[in-house]
Amino acid sequence: MNPGAVISRYRGRRRMSRGPETITRQTRRSRLLLLLLLLLPLLYVSSPPMTEAPMLIHNGKATSELHPVVLVPGMGGNQLEARLTDAYQPSGAFCRPSAGTRKWFNLWLDLSTLLFPPFTRCFSDRMSLFYDPQTDTYQNAPGVETRVPHFGSTRALKYLSLGFPQHVTSYMAPLVKALEGIGYIDEQTLFGAPYDFRHGPSNFRSPSVGSQFLADLKGLVEKASSSNGGKKVILISHSLGGLWTLHLLNRSPLTWRQKYVRHFIALTPPWAGTVQELLALASGYTLGLPLVNPLLVRAQQRRSESNLWLLPSPPTFRHKPLVITPYRTYLASNLSEFLADIGFPEGMHPYRSRILPLMSDQLAAPLVPVTLVVGTEVETPEALVYDEHGFDKQPEIVFGDGDGTVNLKSMLAVVSAWEGVENQSLKVTKLRRVSHLSVLKDEFSVREILQEVSSINHSLA
């Protein structure tokens with residue numbers, strides 16, 4: 001494939017902009033939250049949060065008659081805690097352990113480290129995972145222990161930081177408030193499933209953080225059902241949480257799904273990955289924030305297993321040019337070579353051994369009713385064009401349709417995959433100009449989700 005011809009074709013078809021320097025109006029409204037999330041590749045494009053949760057008439061139905069709801073967040077969508085042991089080796093004087101860091105402290109999202117540049121490296125070091133090719137596993141940095149707080153509750157999902165104004169790091173709070181407005185109660189009929197979003201599910205050949213989370217999520221679904229008189233559960237996921245939920249369903253017996261799951265509502269799921277991940281791994285991604293060098297955050301972005309999981313999937317993106325250079329064009333089918341060429345050869349083995357095996361069948365129909373909610377008509381990276389300066393310089397970006405983070409092609413991948421599958425119900429709701437994060441906050445979007453939940457509660461099982 002001739003790179004020059006590909007570049008000319010794209011320039012004639014799409015408006016191009018110089019990397020992250022072009023930012024949508026909605027993005028400017030949430031620069032602070034985006035700055036806090038810059039160390040994760042799935043940065044969110046946000047619209048203003050609702051001032052009041054929409055209320056729906058519940059026709060007098062008692063709370064005890066509601067189908068329980070389990071919320072599964074996306075990447076970076078819940079708090080993480082850490083503590084440092086004697087084995088921790090600080091990368092600088094500012095990173096030395098203190099009395100506070102030897103106890104459990106809020107690692108994600110700790111504003112005090114991110115807002116003070118000397119501590120940013122400490123945060124990055126403590127958040128990083130390291131891959132061991134001998135054991136084919138990902139581990140924390142030596143001396144860093146991590147845990148996920150409040151499993152089973154929505155507390156770790158509503159706000160990402162502690163001790164700061166809540167609206168600054170609000171995540172699922174508007175959706176939780178709206179569900180509570182129609183009768184749901186935390187840890188009674190409403191449950192949260194936070195997890196360590198740095199990890200992926202791997203191929204389950206051996207115990208892992210991912211396989212343990214799926215076991216915990218399965219147990220939470222069973223608990224939610226049994227504590228509510230055996231009622232089936234409504235699963236609501238956002239972003240990466242949709243992939244985790246689909247893996248849970250497809251790795252559980254059909255009899256289990258039929259007994260415990262009433263409905264699966266997937267909000268803006270990256271079923272087949274995103275082009276934006278390629279930008280994060282190749283050049284670093286800061287969404288054009290002026291004081292942050294993307295090359296300084298690139299190393300940490302490469303170390304999260306889940307980032308590899310979200311690379312564009314070959315079955316969906318097929319022969320579409322994704323990264324174009326003067327010397328080579330990269331497709332979803334040769335991303336292993338892409339990882340080597342960008343200077344990240346250590347990513348090749350886990351990509352081949354842990355990620356590619358998942359992509360062959362991860363979109364199998366779960367045979368439970370599914371509602372898919374996607375944002376559209378928000379500029380979303382579709383291809384990256386690099387010049388002779390290489391990957392250390394930000395590329396030109398060709399934009400396409402999506403929610404600003406996930407390509408529409410990826411969010412709709414299950415439509416063709418499940419077409420004609422017997423006993424697979426699928427409803428697709430498209431929300432124009434609703435971005436990846438604002439699906440959880442936009443008043444119209446939240447109202448659509450509540451209407452769907454209300455409809456499921458009132459329909460015959």
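Residues numbered from 1 in each chain as written. Predicted model: local features only at pLDDT ≥ 70, side-chain atom pairs only at ≥ 80, totals over all residues. Heavy atoms only, no water.

With that settled, consider the overall build of the protein. Scanning the protein for helices and strands turns up 19 helices and 16 strands. For the protein, the residues scored as buried account for 59% of the 461 residues in total. The long-range fraction of contacts in the protein, counting pairs at least 24 apart against all pairs at least 6 apart in sequence, stands at 77%. (Helix = DSSP H or I, 4+ residues; strand = E, 2+ residues; numbered from the N terminus. Buried < 20%, exposed > 50% of the residue type's maximum accessible area, 1.4 Å probe, protein only. Contact = heavy atoms within 4.5 Å.)

Right, let's get into unusual backbone geometry. Note the cis peptide between Trp-108 and Leu-109, where omega equals 15°. Within the secondary structure, Leu-109 is located in the loop between strand S4 (105-108) and helix H4 (111-114). Phi at His-150 is positive, roughly 60°, even though this residue is not glycine. Position of His-150 relative to the elements: it lies in the loop between strand S7 (144-147) and helix H6 (155-158). Phi is positive for Arg-433, close to 60°, though the residue is something other than glycine.

In this section: the state of the cysteines. For the coordinates displayed, the defined rule picks out one disulfide. Paired through a disulfide, Cys-95 and Cys-122 show a sulfur-sulfur distance of 2.0 Å. Taking the sign of the S-S torsion, about -85° here, the bridge from Cys-95 to Cys-122 comes out left-handed. Pair noted here: Cys-95 is in the loop between strand S3 (80-84) and S4 and Cys-122 is in helix H5 (residues 117-127), with a separation of 27 residues, a long-range link. Accessibility assignment for this pair places Cys-95 and Cys-122 in one class, buried. (Disulfide = S-S within 2.5 Å.)

What follows deals with a nonpolar patch on the surface. Nonpolar side chains collect at one region of the surface, where Leu-254, Leu-367 and Val-421 lie side by side and expose about 180 Å² of accessible area between them. Take Val-421: it is sitting in the loop between helix H18 (413-417) and strand S16 (426-432). Looking at Val-421, the relative accessible area reads 30%, which means it is partly exposed. (Patch = residues over 30% accessible without salt bridge, like charges linked within 9 Å, V, L, I, M, F, W, Y side chains within 5 Å. Areas by Shrake-Rupley, 256 points an atom, 1.4 Å probe, with all protein chains shown as cover. Salt bridge = Lys/Arg side-chain N within 4 Å of Asp/Glu carboxyl O.)

Pairing within the open sheet is antiparallel, and its three strands lie in the order S4-S3-S7. Whereas interior strands pair on both sides, the edge strands pair on one side only; in this sheet they are S4 and S7. Averaged over all pairs of adjacent strands, the angle between strand axes in this sheet comes to 45°, irrespective of strand direction. In this sheet, S7 lies alongside S3 in antiparallel orientation, the contact comprising four bridges. Each bridged residue has a counterpart across the sheet, and for Leu-84 the counterpart in S7 is Val-144. (Pairing = 2+ DSSP bridges. Axes fitted to C-alpha atoms, helices over the stretch in contact; angles between N-to-C directions.)

Before going further, it helps to examine the nonpolar core. Counting residues in each nonpolar core, the largest one holds 118 residues, and the members touching the most others are Val-70, Leu-71, Leu-179, Trp-271, Phe-338 and Leu-339. Not counting residues within four places of it along the chain, the set of residues in contact with Trp-271 comprises Gly-242, Leu-243, Leu-246, Phe-264, Ala-266, Gln-362, Leu-363, Leu-372, Ser-410, Met-411, Ala-413 and Val-414. (Core = buried A, V, L, I, M, F, W, Y, C linked by side-chain atoms within 4.5 Å.)

Our focus in this paragraph is the packing of helix H11 (residues 276-283) against helix H12 (residues 294-303). At a minimum axis separation of 7 Å, H11 and H12 run at an interaxial angle of 110°. Classified by the angle their axes make, H11 and H12 are roughly perpendicular. Side by side, H11 and H12 meet where Ala-280, Leu-281, Ala-282 and Ser-283 of the first sit next to Pro-294, Leu-295, Arg-298, Gln-301 and Arg-302 of the second. Of the residues assigned to the contact of H11 with H12, the class counts are five nonpolar, two polar and two charged. (Parallel < 35°, antiparallel > 145°, perpendicular 65-115°, else oblique. Nonpolar A, V, L, I, M, F, W, Y, C, P; charged D, E, K, R; others polar.)

Ordered by their spatial adjacency, six strands build an open sheet running S8-S2-S9-S10-S13-S16, and the pairing between neighbours is parallel. A strand with exactly one partner marks an edge of an open sheet, and here the two such strands are strand S8 (190-192) and S16. Strand-to-strand twist in this sheet, taken as the mean axis angle between neighbours without regard to direction, amounts to 15°. Two strands pair when backbone bridges link them, and strand S10 (residues 261-267) and strand S13 (residues 370-376) are joined in this way by four bridges, in the parallel orientation. Across the sheet, Leu-267 pairs through a bridge with Val-373, a residue of S13.

So, on to the packing of helix H7 (residues 173-181) against helix H19 (residues 443-458). Remark: H7 packs on H19, axes separated minimally by 10 Å, with the N-to-C direction vectors making an angle of 40°. Relative to H19, the element H7 lies oblique. When you trace H7 past H19, the crossing you get is right-handed. Residues Leu-175, Ala-178 and Leu-179 of H7 form the contact with H19, whose participating residues are Val-446, Ile-449, Leu-450 and Val-453. Looking at the contact of H7 with H19, its residues break down into seven nonpolar, no polar and no charged. (Left-handed = near helix turned anticlockwise from the far one by under 90°.)

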